Number of protein chains: 2
Amino acid sequence: MEKILSRTEETLLLAVWALAPNAYGLAIGEHLRKLTGKRWSVGAIYIPLERLEARGLLAAHEGEPTPQRGGRSKRFFTLTPQGLKALNEARRLHEALWAAVPDEGGLA
Amino acid sequence: MEKILSRTEETLLLAVWALAPNAYGLAIGEHLRKLTGKRWSVGAIYIPLERLEARGLLAAHEGEPTPQRGGRSKRFFTLTPQGLKALNEARRLHEALWAAVPDEGGLA
DNA sequence: CCTATTTGTTTTATAAAATAGAAAAATAAT
DNA sequence: ATTATTTTTCTATTTTATAAAACAAATAGG
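We now turn to the structure provided with this report. Please read all numbers here as calculations on a predicted model, not as lab measurements.

## A word on the protein's contact with DNA strand D
Here is step 1: Inspection of the region around DNA strand D gives 29 residues, with Tyr46(A), Lys3(B), Thr8(B), Arg51(B) and Arg69(B) positioned closest.
Here is step 2: A distance of 2.3 Å is found between a phosphate oxygen of DNA strand D and a side-chain nitrogen or oxygen belonging to Lys3(B).
Here is step 3: Separating a phosphate oxygen of DNA strand D from a side-chain N or O atom of Thr8(B) is a distance of 2.8 Å.
Here is step 4: For the surface near DNA strand D, the secondary structure elements donating two or more residues are helix 2 (25-36) and helix 3 (42-54) of chain A together with helix 3 (42-54) of chain B.
Here is step 5: A total of five residues in the surface near DNA strand D trace back to one element, the largest contributor, which is helix 3 of chain B.

## Considerations on the sheet that holds strand 3 (residues 75-79) of chain B
Whenever strands of a sheet pair, they do so through backbone hydrogen bonds, lying parallel or antiparallel.
All names here are of chain B.
Here is step 1: The three strands are arranged 1-3-2 in an open sheet whose pairing can be described as antiparallel. What marks the edges here is a single partner per strand, and that holds for strand 1 (23-24) and strand 2 (58-62).
Here is step 2: In the packing of helix 3 onto the sheet, contacts are made with strand 2 and strand 3, and the angle to strand 2 comes to roughly 110°.

## Focus: the packing of helix 1 (residues 7-19) of chain B against helix 3 of chain B
Each packed pair of helices is defined by two parameters, the angle between the axes and the distance between the axes.
All names here are of chain B.
Here is step 1: At a minimum axis separation of 10 Å, helix 1 and helix 3 run at an interaxial angle of 85°. By the angle class used here, helix 1 and helix 3 are roughly perpendicular. In this structure, helix 1 uses Thr8, Glu9, Leu12, Leu13 and Val16 to contact helix 3, whose residues at the interface are Ala44, Ile45, Pro48, Leu49, Arg51 and Leu52.
Here is step 2: Here the residues of the contact of helix 1 with helix 3 are counted per class, giving eight nonpolar, one polar and two charged.

## Section: the environment of Thr78(B)
Residues and elements named next belong to chain B.
Here is step 1: Structurally, the position occupied by Thr78 is in strand 3.
Here is step 2: C-alpha separation for the pair Thr78 and Ala23, spaced 55 residues apart in sequence, amounts to 7.1 Å.
Here is step 3: Those residues in contact with Thr78 that lie beyond four places of it in its chain are Val16, Leu57, Leu58 and Ala59.

## Quick look at helix 2 of chain A
Here is step 1: With 12 residues, helix 2 of chain A should cover 16 Å at 1.5 Å per step; its first-to-last C-alpha distance of 16 Å lies within 8% of that length.
Here is step 2: Taken together, the buried positions of helix 2 of chain A are occupied by Gly25(A), Ile28(A), Gly29(A), His31(A), Leu32(A) and Thr36(A). In a view along the axis of helix 2 of chain A, the buried residues occupy a sector of 165°, so they form one face of it. The exposed set on the far side of helix 2 of chain A, more than 90 degrees from its buried face, consists of Leu26(A) and Lys34(A).
Here is step 3: Lining the buried residues of helix 2 of chain A we find helix 1 (7-19), strand 1 (23-24), helix 3 and strand 3 (75-79) of chain A together with helix 4 (81-99) of chain B.
Here is step 4: Looking one or two places after helix 2 of chain A, you find Gly37(A), whose phi comes out positive at around 75°.

## Some remarks on the pattern of salt bridges
Here is step 1: Inspection of the entire model under this criterion finds 15 salt bridges over all chains.
Here is step 2: In this structure, Arg7(A) and Glu10(B) form a salt bridge, with 2.5 Å as the shortest nitrogen-oxygen distance. Taken together, the positions of Arg7(A) in helix 1 and Glu10(B) in helix 1 put the pair across two chains.
Here is step 3: Taking relative accessible area as the criterion, Arg7(A) reaches 11% and is therefore assigned buried.
Here is step 4: Residue classification places Glu10(B) among the buried residues on the basis of a relative accessible area of 2%.
Here is step 5: With a closest N to O distance of 3.1 Å, Glu89(A) and Arg92(A) form a salt bridge. With Glu89(A) and Arg92(A) both in helix 4 (residues 81-99), this residue pair falls three residues apart, about one helical turn.
Here is step 6: A residue is classified by how much of its surface remains accessible, and Glu89(A), at 38% relative accessible area, is partly exposed.
Here is step 7: For Arg92(A), a relative accessible area of 44% puts it in the partly exposed group.

Conventions we followed
- Residues numbered from 1 in each chain as written.
- Chains lettered and ligands numbered in written order.
- Predicted model: local features only at pLDDT ≥ 70, side-chain atom pairs only at ≥ 80, totals over all residues.
- Heavy atoms only, no water.
- Near = heavy atom within 4 Å.
- Polar contact = N/O pair within 3.5 Å; in protein donor to acceptor, adjacent residues only side chain to side chain.
- Helix = DSSP H or I, 4+ residues; strand = E, 2+ residues; numbered from the N terminus.
- Pairing = 2+ DSSP bridges.
- Contact = heavy atoms within 4.5 Å.
- Axes fitted to C-alpha atoms, helices over the stretch in contact; angles between N-to-C directions.
- Parallel < 35°, antiparallel > 145°, perpendicular 65-115°, else oblique.
- Nonpolar A, V, L, I, M, F, W, Y, C, P; charged D, E, K, R; others polar.
- Expected span 1.5 Å × (residues − 1).
- Buried < 20%, exposed > 50% of the residue type's maximum accessible area, 1.4 Å probe, protein only.
- Arc of directions from axis to C-beta.
- Salt bridge = Lys/Arg side-chain N within 4 Å of Asp/Glu carboxyl O.

Below, the structure written as structure tokens:
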């Protein structure tokens, strides 16, 4: 049985996908801040990103220096096929859980 | 800003909802085992349930002994209005994250 | 009775993940 | 060279997850 993605992991994978092909640490944080309305500390981003890379759900490559003022070179992340698969699986599970609820209409 | 539900928390809240009004520890575990295909240890159920109760997302009450073979009395859980609200919020966020992805059709 | 068995919850110990924030590294403008 | 800026890496802390053993309550059957 494959491991279920945590919410953080799913969220990060989706952010990488949404920002493709320009997904790097700080941009991901900014994207998530806008979408979730809460602040994402750098640790809350880089550490799980690394884990996802180690697990093969993300791939990373160094970016070229840009003609901007400063800045160390970026590490860009992209979804791997396994990453996509894991996202699919998480979504399927999510839907199954909601479908098991008797009267979903009670929400809004 | 309200805290975002972890996947475990969301899953447990949905299970309580799905089994209402007969949601208690072991039954929840069995429900989730069937739905997710993986084994849920007792710790993975009771501990977060307690936390959800402490946060006010679940309410608990003791059940009467039943005419079954054995069994200590059950603790039944029900969703509180805040629990429902939190589920709604988690779902809204989930949808927003997926909506930010460019071509969702690429999945299946 | 009374004890073996079943159903259920609590407790305890350990591992893994999430989070925050400081520090370090890399780059280009001045 | 020096400094401002952007980005990542490191370190420490808290929170969650997981597994397994201990504890509790009930009844069936001898």
